Amino acid sequence: LSIAYSAIVPLYAVAGGFGFWAFGGDASGNIMENWKAGPIRAAALGANLFMYSMGVTEYNMLLSIKLESVLLRSGPGGGPPDSRKRALLRLMLVGSECFMAEMLFSAGIGNIMALAGALGLLLTFVFPHLFFLSLFPTEKSLPVPQPSISGPLLKGNAVLSTVLAVLGAVVACRSLIQESAEFQL
């Protein structure tokens, strides 16, 4: 990995330097939009599309095989998983990818990041506190006395964080819906 990064980081630095030299501060977020329309741009877009399609195809194959081996474990005989369950799992995988792609192209990454941040409150503040309270229901059950940790404080923080996560998710979803309705392909 360190060998790969020793090649990748200088290449990105050189490409970024040449990109800034060519376009200055007028660079678009998608590098392909910076070039003028013509055969070179069409060839670059075609190569980019081919690369993405091969990456998605390979990613789907590797991911679905791994998910099938974990989620659809066969019985004691060790035979292949049921074809209906396999098809349903692959359909859900491709469907979730299409949903994310639609969200990225129609609503914008900012709204998706807002939704992820709102739901991240649950992972950061709510679940750890609730798990801690379920493991140590009283202060006497703590392995080491911690006077600064109190049950009411953890419960209050979990409740407040849940309320903020729900409000943030509602606002992010409303923004996603509003911007997707305005999107035109």
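Residues numbered from 1 in each chain as written. Predicted model: local features only at pLDDT ≥ 70, side-chain atom pairs only at ≥ 80, totals over all residues. Heavy atoms only, no water.

Enquirer: What's the story with the packing of aromatic side chains in this structure? I'm lost.
Expert: The relation between two aromatic rings is expressed through the spacing of the ring centres and the mutual angle of the planes. Evaluation of the coordinates by the stated rule reveals 2 aromatic pairs. With 6.1 Å between their ring centres and 70° between their planes, Phe18 and Trp21 make a pair best called edge-to-face. Of this pair, Phe18 and Trp21 both sit in helix H1 (residues 2-23), 3 residues apart, which is roughly one turn of that helix. The pair Phe18 / Trp21 is uniform in exposure class, with both members exposed. Both rings, one in Phe127 and one in Phe131, keep their centres 6.2 Å apart while their planes meet at 20°; by these two values the pair is stacked. One end of the pair, Phe127, and the other, Phe131, are both in helix H4 (residues 109-135), 4 residues apart, so they sit about a helical turn from each other. Overall, Phe127 belongs to the partly exposed group, its relative accessible area being 34%. (Phe/Tyr/Trp six-rings, centres within 6.5 Å; stacked < 30°, edge-to-face > 60°. Helix = DSSP H or I, 4+ residues; strand = E, 2+ residues; numbered from the N terminus. Buried < 20%, exposed > 50% of the residue type's maximum accessible area, 1.4 Å probe, protein only.)

Enquirer: What should I look at first to understand H1 in this one?
Expert: Note on helix geometry: an α-helix contains 3.6 residues per turn, so any two residues three or four positions apart are oriented the same way. Taking 1.5 Å per residue, 22 residues should reach 32 Å; H1 reaches 31 Å between its end C-alpha atoms and fits that length. Taken from the residues just after H1, Gly24 is the one with a positive phi, measuring 65°. (Expected span 1.5 Å × (residues − 1).)

Enquirer: Would you mind showing me how to read a nonpolar patch on the surface here?
Expert: Residues Tyr5, Ile8, Val9 and Tyr12 make up a contiguous nonpolar surface patch of roughly 450 Å² in combined accessible area. Of note, Tyr12 is situated in helix H1. Here Tyr12 falls in the exposed class, since its relative accessible area comes to 64%. (Patch = residues over 30% accessible without salt bridge, like charges linked within 9 Å, V, L, I, M, F, W, Y side chains within 5 Å. Areas by Shrake-Rupley, 256 points an atom, 1.4 Å probe, with all protein chains shown as cover. Salt bridge = Lys/Arg side-chain N within 4 Å of Asp/Glu carboxyl O.)

By themselves these figures say nothing about function.
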